[in-house]
Every structure is written in C-alpha cells, then in structure tokens.
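Here's the letter readout for the chains.
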Amino acid sequence: PNMHGVDWPAMKARYAPLVKSVAHREDLNYIIGELIGELNAGHTYIGGGDQPSFSRVNVGLLGCDYEVDRASGRYRISKIFAGRNWEKKCTAPLTQPGIGVKEGDYLIAVNGADLKHPTSPYALFESTAGKQVAIKVAKDASGKDAKDYTVEPVSSEYWLRYNDWVESNRKKVSDATGGKVGYIHVPNTSINGFNEFIRAFYPQFNKEGLIIDARYNSGGNVPNPMIERLSRQVLNMWGRREGKSWVTPSAAPNGHMVCLINGYAGSGGDAFPYYFRAEGLGPLIGTTTWGGLIGYSRGITLMDGGFISMPDFGFISLKGEWDVERIGVKPDIEVDNLPEEAAKGRDQQLEKGIEVLMEKIRQNPPKLPAKPPYPIKK
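Report follows, based on the coordinates. Fair warning: this is a prediction, and the values are worked out from it, not measured in the lab. (Residues numbered from 1 in each chain as written. Predicted model: local features only at pLDDT ≥ 70, side-chain atom pairs only at ≥ 80, totals over all residues. Heavy atoms only, no water.)

## Focus: the overall build of the chain
Next, step 1: The number of helices and strands found in the chain is eight helices and 16 strands.
Next, step 2: Its C-alpha atoms give the chain a radius of gyration of 26 Å, clearly above 21 Å, the size a compact globule of 378 residues would have.
Next, step 3: Considered along the principal axes of its C-alpha atoms, the chain spans approximately 85 × 75 × 40 Å.
Next, step 4: Across the 378 residues that make up the chain, the buried fraction comes to 39%.
Next, step 5: When contacts within the chain are restricted to residue pairs at least 6 apart in sequence, long-range pairs at least 24 apart make up 68% of them.
Next, step 6: Within the structure as shown, the chain displays about 21500 Å² of accessible surface, and the carbon and sulfur contribution to it stands at 53%. (Helix = DSSP H or I, 4+ residues; strand = E, 2+ residues; numbered from the N terminus. Rg over C-alpha atoms; globule rule 2.2 N^0.38 Å. Buried < 20%, exposed > 50% of the residue type's maximum accessible area, 1.4 Å probe, protein only. Contact = heavy atoms within 4.5 Å. Areas by Shrake-Rupley, 256 points an atom, 1.4 Å probe, with all protein chains shown as cover.)

## What to know about empty space enclosed by the protein
Next, step 1: The final tally for this structure, using the stated rule, is one cavity of 30 Å³ or more.
Next, step 2: Size it by volume and the largest cavity reaches roughly 40 Å³.
Next, step 3: Looking at the lining of the largest cavity residue by residue, the class counts come to three nonpolar, one polar and three charged. (1 Å grid on protein atoms, 1.4 Å probe; cavity = no way out; pocket = protein on both sides within 12 Å on 5 of 7 lines; lining within 4 Å. Points joined across faces, edges and corners; volume = space filled by probe spheres on them. Nonpolar A, V, L, I, M, F, W, Y, C, P; charged D, E, K, R; others polar.)

## Thoughts on the nonpolar core
Next, step 1: One finds Ile184, Ile212, Leu230, Phe272 and Phe276 to be the most contacted residues of the largest nonpolar core, which totals 25 residues.
Next, step 2: Counting residues per element, the ones that place at least two in this core are helix H4 (191–204), strand E9 (209–213), helix H5 (224–230), strand E12 (256–261) and helix H6 (268–278).
Next, step 3: When sequence neighbours within four positions are dropped, the list of residues in contact with phenylalanine 276 reads Ile212, Ile227, Leu230, Met257, Val258, Cys259, Leu281, Gly282, Pro283 and Leu284. (Core = buried A, V, L, I, M, F, W, Y, C linked by side-chain atoms within 4.5 Å.)

## Some points on the pattern of salt bridges
Next, step 1: This structure, assessed with the given rule, holds 27 salt bridges.
Next, step 2: Linking arginine 161 and glutamate 157 is a salt bridge whose minimum nitrogen-to-oxygen distance equals 2.9 Å.
Next, step 3: Assessed through its relative accessible area of 33%, arginine 161 is described here as partly exposed.
Next, step 4: The residue arginine 346 makes a salt bridge to glutamate 351 at a minimum N-O spacing of 2.6 Å.
Next, step 5: Classification of arginine 346 by relative accessible area gives partly exposed; the value is 36%.
Next, step 6: Put simply, Arg84, Glu87, Lys89, Glu167, Arg170, Glu196 and Arg199 are held in one network by salt bridges that share partners. (Salt bridge = Lys/Arg side-chain N within 4 Å of Asp/Glu carboxyl O.)

## Regarding the packing of aromatic side chains
Next, step 1: In the structure shown here, the tally under the stated rule is 15 aromatic pairs.
Next, step 2: A ring pair is formed by tyrosine 45 and tyrosine 296, whose centres lie 6.2 Å apart and whose planes are at 80 degrees; its orientation type is edge-to-face. Residue tyrosine 45 is located in the loop between helix H2 (25–37) and strand E1 (46–47), and its partner tyrosine 296 is located in strand E14 (residues 294–301); the two are separated by 251 residues in the primary sequence.
Next, step 3: On the basis of relative accessible area, tyrosine 45 is assigned to the partly exposed category, the value being 35%.
Next, step 4: Where tyrosine 158 meets tryptophan 159, the ring centres are 5.3 Å apart and the plane angle is 85 degrees; that geometry is what we call edge-to-face.
Next, step 5: In this arrangement the basic side chain of lysine 89 is found over the ring face of tryptophan 159, its NZ or CZ atom lying 3.7 Å from the centre. (Phe/Tyr/Trp six-rings, centres within 6.5 Å; stacked < 30°, edge-to-face > 60°. Lys NZ or Arg CZ within 6 Å of the ring centre and 35° of its normal.)

## Here's the deal with the sheet that holds E9
Next, step 1: Pairing within the open sheet is parallel, and its five strands lie in the order E8-E9-E12-E13-E16. Of all strands in the sheet, those with a lone pairing partner are strand E8 (181–185) and strand E16 (333–334), marking the two edges.
Next, step 2: For E9 and E12, the ladder comprises five bridges, and the chain directions are parallel. Within the sheet, the bridge partner assigned to aspartate 213 lies in E12 and is leucine 260.
Next, step 3: Packed on one face of the sheet, helix H3 (residues 158–177) meets E8 and E9 and runs near 160 degrees to E8. (Pairing = 2+ DSSP bridges. Axes fitted to C-alpha atoms, helices over the stretch in contact; angles between N-to-C directions.)

Written out as structure tokens, the structure is:
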C-alpha cells in the first residue's frame, strides 16, 4: 500500500515526457517497465498489447548435435539425445523404433536434397516440425552404403537437452559415490517441476544420500508438497515373514541430503531452499538465490490486451520480518561454478555436494534396525 516508500506521482511526472517518443507498443512496455522498476519489487511485469502479428517459420529438429567434417563438407552427427519416448514433450526423433542412426553417422540428404557445408542442415528442415521427413544417412562421408529413414522432427529440443543434462548429472553422482547417492533436479515449482521431482524422488528416496538440485529453478507455486516428501521421517518398520522389512511412511528418505542453489533460482526457487533449511534437511551449497518472494495472484488486463502484474503478497519470516525478497537465500557453503572450469565440463557445486554427502555418510552411515528375533509368547 505504501508503494515501498516511492513517491508515485513524482515517478509519473519523471517518466511521462518519454511517452511522446513512443513509436511502438514495445516502446511503451519498456517505459512502463522502467517506471514499475522504481518500486524495487519482484514479479512486477508488463507485456503484450496491441502489436503487429506475423507468421513464424518452424524449423524441424532431430534432437542431435552436428559437427562439420572439413575434408568432405559433410555434417557428422556428434551426439544424439535419447529423450523419453513415452512422453510427448521429450520425444527423440532419432531413437524411435526402426531408426538405425548412430552417433558418428553422416547426414547426407534431407527430402532428397544433398547436404554439404556451407548449407546449414537447419535450412533443409524449414517447416518440417511434426511432419514426416526422409533423411539419408551413411557411416562414411562419401555416402557409401547410405540408408534412408523416415523421421518426424520436433519443434523444440528443450526437454531433450534438459533430460540429457539431468541424466548426466545423475550418472556422475552415482559413479562418484558407488551408487550410494541419488540426484534430483527441480526445474521449477509448477507442473513440470512437480512431475520431474516425483519421477526422480520415488526411485531414489531410499539412497544413503540425496543431492536435491534447485539451481535454475524458475518458480511457479509454493513448493511445500516437495518439501513435505523430503521431510518425511520413518516412524516404524514392518517385519515381513519373507523378504525385506518395509517402513511407514512408505517413501520416507532415511539418508543425508544437500541442496544446490544459485542466482538463477527465484520465486518458488527461493522458497524451496528456504523451506529445505527450515526443515533442517541439510546444508545449502552454491550461491545466493534471486530473491523474488513478493508474489502475485492476479494480473490487470489493459484495454489493448496487454497486462500488468500486481504483486500482492509478501514473504514474512517467523521472526515477524519481511524476508527473502531482494535478499535471496544464502548458501551455507558458498561455491561458484567458475566459467573456465564449467567450460571444461566441471560442475564445482555438484562436486562439493558429492564431497559433503560422502563425508556425512562416512561419519554417520544411515541405517535402520535389523528385524529382531521373533517373539516367544507364553
């Protein structure tokens, strides 16, 4: 209500002269964006409006990386992203049944058009997303013994590349810890984030350690359902006559945990590590989060179809103080991923998470009691 102490009429007078220079709706959006930026509040957005429409040309993608063989000018497929072909958003065109394309093969032609550098392979896939496309692939740059396949390119490789990053991290963690530690990445606290969390949580909750990666978390909603699952405590065990004993709650983590954070996590991505720490689940490792916890529950529609968001609820700590907004959540162990190391393929924050968890496991191995001798009741 106090506009963060900003003299709002004075701000209007300051920015009003710029309006006469507006030549496009985006110019107006920019000015309004600068104006509301004076409030220094998260989730204050401006967008849309009466703008010219134009058609876009989609480009079909095969879910792979290319590299040029300079000697022949042919494009070699250097990496194929496997994806999750049972899930539409993560479908990988080159790993479908009957497609025998392998990493190292050469893409010789697309729909009968020969492909050589400097022609971009993407130029031959214009307007092909979601359509059947004929490709010719060979193991040799000469095209000898080439094979023809019919594939269906996708319009986006986002989830393919994301899935590859997550699975690569999971493998790094598993290999480095002898399978003792699991890895869960939480991309956001909206629908996709909850889905990804659940997909990774249940197969790994019973590991001796868990790395919960909340870096790059783009927020969405309050993540208490995720935190509730991570906070579950084993209350008792059930001794089976045959096989292993089981526990209640049925999916209660019993191992040590750490949470990775960085400055690209915000909103729900701020709340997640805050709650993680509040529940005493383990140390936060990385860099301070974005700091955007004044949320909004409605937007104001403008007369030309644009919108302005109106943040209307802020985060209050149990100390009775406004918190996290403009501050972020600070790590317990500060580790930055240096660009020169990241370029070499290192993830120093992930490495630190592994180091911390393995030391915790060494000092205090997680364990549950063995099944006692069967009782004798007289």
